[in-house]
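# Remarks on the overall topology
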Amino acid sequence: MFDLDGMTDLLIDNMKRLFFPEEWIELDLKFSKSEIFTLLFLDKKKEVTMTELVEYINSPMSTATGIVDRLVKNGFIMRDRGETDRRIVILRLTEAGSELVQKFKQIVLHY
């Protein structure tokens, strides 16, 4: 059976290798590519720690914190603390974030 969601996730995971910064500059997006990849990663994993996000987007913790701050401020993700270790920050998509990711996926499928 054809796994459409699996194919979409595979394409999204490999988009980082396909796009060059010049192409993103030409696009009129209200999100940076790191913000988009953060949202897509959260959609795929459902919840991640800040450390996992830093490794995925390959950026310093300070940069990831700025990305998360903007996405939290705009209501696309929520930030929680770990139950056993309050130092751990756990990120999840909000309903608005999930809807936005579904729109991204539809755009990707269109092309």
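Criteria and thresholds
Residues numbered from 1 in each chain as written. Predicted model: local features only at pLDDT ≥ 70, side-chain atom pairs only at ≥ 80, totals over all residues. Heavy atoms only, no water. Axes fitted to C-alpha atoms, helices over the stretch in contact; angles between N-to-C directions. Helix = DSSP H or I, 4+ residues; strand = E, 2+ residues; numbered from the N terminus. Parallel < 35°, antiparallel > 145°, perpendicular 65-115°, else oblique. Left-handed = near helix turned anticlockwise from the far one by under 90°. Contact = heavy atoms within 4.5 Å. Nonpolar A, V, L, I, M, F, W, Y, C, P; charged D, E, K, R; others polar. Core = buried A, V, L, I, M, F, W, Y, C linked by side-chain atoms within 4.5 Å. Buried < 20%, exposed > 50% of the residue type's maximum accessible area, 1.4 Å probe, protein only. Arc of directions from axis to C-beta.

### Considerations on the packing of helix 3 (residues 33–45) against helix 4 (residues 50–57)
Between helix 3 and helix 4, whose axes approach to 10 Å, the crossing angle comes to 125°. Judged on the interaxial angle alone, helix 4 and helix 3 are oblique. For the pair helix 3 and helix 4, the sense of crossing is right-handed. The segment helix 3 lies against helix 4, with Ser34, Phe37, Thr38 and Phe41 engaging Glu52, Leu53, Tyr56 and Ile57. Tallied by class, the residues present in the contact of helix 3 with helix 4 amount to five nonpolar, two polar and one charged.

### Quick word on the nonpolar core
Among soluble globular proteins, nonpolar side chains are generally buried collectively. Ranked by size, the top nonpolar core spans 26 residues in total, and within it Leu39 and Leu91 carry the most contacts. Put simply, the parts of the chain that give this core at least two residues each are helix 3, helix 4, helix 5 (61–73), strand 3 (89–93) and helix 6 (95–110). Looking at this core, the element that brings in the most residues is helix 3, giving six residues. Here Leu91 is in contact with Leu42, Lys46, Glu47, Val48, Met50, Leu53, Val68, Met78 and Arg79, once residues within four sequence places are set aside.

### A look at the side chain of Ser59
Here Ser59 shows up in the loop between helix 4 and helix 5. Each residue touching Ser59, except ones within four places of it in the same chain, is listed here: Val54 and Ala64.

### Let's talk about helix 4
The set of residues buried in helix 4 consists of Met50, Leu53, Val54, Tyr56 and Ile57. Projected down its long axis, helix 4 shows its buried positions confined to an angular sector of 165°, all on one face. Count one or two residues on from helix 4 and you reach Asn58, which has phi positive near 55°.

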